[in-house]
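# Topology and contacts: notes
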Amino acid sequence: MNYLSNQCYSEKGTKNWKITMRLYDNKHAPNPRRARIFMAEKGLSCDNTQVDIVGEENLSVDFLAINPRGVLPTLVLDDGTVLDETTAICRYFEEMLIT
């Protein structure tokens, strides 16, 4: 699994900000889907890593070093801050678009 970060971009509105972050995701799980839908509605995109929860990749030593709770979605910011709840991730993006 590649844990290197990339850029997140805002495609809508006048805000032109770049923040290095990565979203750890699973395309079949409902909570990560909510975060992706929110981002799409806001015109946001960021680097995404798919984590196989059926294969318990979210419980691997490598992933648990990033998020000890092993839950998805997980958003890792450039300063090392980890958000691992859908509502917190959506609120973070909402605040970024307002400021």
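So, here's what we can say about the structure. Not measured: the values here are computed from a predicted model. (Residues numbered from 1 in each chain as written. Predicted model: local features only at pLDDT ≥ 70, side-chain atom pairs only at ≥ 80, totals over all residues. Heavy atoms only, no water.)

## What about the overall build of the chain?
This is how the line gets drawn: Secondary structure follows DSSP: runs of H or I at least 4 residues long count as helices, runs of E at least 2 residues long count as strands, and numbering of each begins at the N terminus. When a residue's accessible area, from a 1.4 Å probe over protein chains only, is under 20% of the maximum for its type it is buried; when over 50% it is exposed; and in between it is partly exposed. Here, Shrake-Rupley sampling with a 1.4 Å probe gives the accessible areas, and only protein chains in the shown set may cover a residue.
Helix and strand counts for the chain stand at three helices and five strands. Counting across all 99 residues of the chain, residues that qualify as buried make up 39%. Carbon and sulfur atoms make up 51% of the accessible area of the chain, which totals about 5,800 Å².

## Looking at helix H1 (residues 30-41)
To be explicit about the condition: Helix span, expected: 1.5 Å multiplied by one less than the number of residues in the helix.
Compared with an ideal rise of 1.5 Å per residue, which puts 12 residues at 16 Å, H1 spans 16 Å between its outermost C-alpha atoms and is within 8% of the ideal. Of the residues flanking the end of H1, it is Gly43, one or two places downstream, whose phi is positive at about 75 degrees.

## Looking at the side chain of Thr86
Worth spelling out the cut-off: Polar contact criterion, stated in full: a pair of N or O atoms within 3.5 Å, where within protein one must be able to donate a hydrogen and the other to accept it, and residues adjacent in sequence count only if both atoms are side-chain atoms. For this analysis, residues touch if any pair of their heavy atoms sits within 4.5 Å.
If you trace the backbone, Thr86 turns up in helix H3 (residues 86-98). For Thr86, a relative accessible area of 12% gives the class buried. A distance of 3.3 Å separates a polar side-chain atom of Thr86 from the backbone oxygen of Asn31. Contact partners of Thr86, with chain neighbours within four places excluded, come to Asn31, Arg34, Ala35 and Pro73.

## Considering the packing of H1 against H3
The test is simple: Only the stretch in contact is used when fitting a helix axis, every axis being a line fitted to C-alpha atoms; angles between N-to-C directions are given from 0 to 180 degrees. Should an angle lie under 35 degrees it is considered roughly parallel, over 145 roughly antiparallel, and from 65 to 115 roughly perpendicular; all remaining angles are considered oblique. For any pair of crossing helices, the crossing counts as left-handed if the nearer helix is rotated counterclockwise from the farther one by less than a right angle, and right-handed if it is rotated clockwise.
It is at 9 Å that the axes of H1 and H3 come closest, and there the two elements cross at 15 degrees. It follows that H1 is roughly parallel to H3 by the angle criterion. In the packing of H1 onto H3, the handedness of the crossing is right-handed. Every residue of H3 that contacts H1 at Asn31, Arg34, Ala35, Phe38 and Met39 is listed here: Thr86, Ile89, Cys90, Phe93 and Glu94.

## A word on the packing of aromatic side chains
For the record, the criterion: Here a Phe, Tyr or Trp ring, Trp counted by its six-membered ring, pairs with any other such ring whose centre lies within 6.5 Å, and the pair is stacked when the planes are under 30 degrees apart, edge-to-face when over 60, and tilted otherwise.
On inspection of all chains with the given rule, the structure shows two aromatic pairs. Between Tyr24 and Phe63 the ring centres are 5.7 Å apart and the planes differ by 75 degrees, which places this aromatic pair in the edge-to-face class. Here Phe63 lies in helix H2 (residues 61-66) and Tyr24 lies in strand S2 (residues 18-25), a separation of 39 residues in the sequence. Given the relative accessible area of 2%, Tyr24 is considered buried.

## Regarding the environment of Leu59
Considering the arrangement of structural elements, one finds Leu59 in the loop between strand S3 (44-50) and H2. Residue classification places Leu59 among the partly exposed residues on the basis of a relative accessible area of 47%. Separated by 12 residues in the primary sequence, Leu59 and Val71 have C-alpha atoms spaced 8.6 Å apart.

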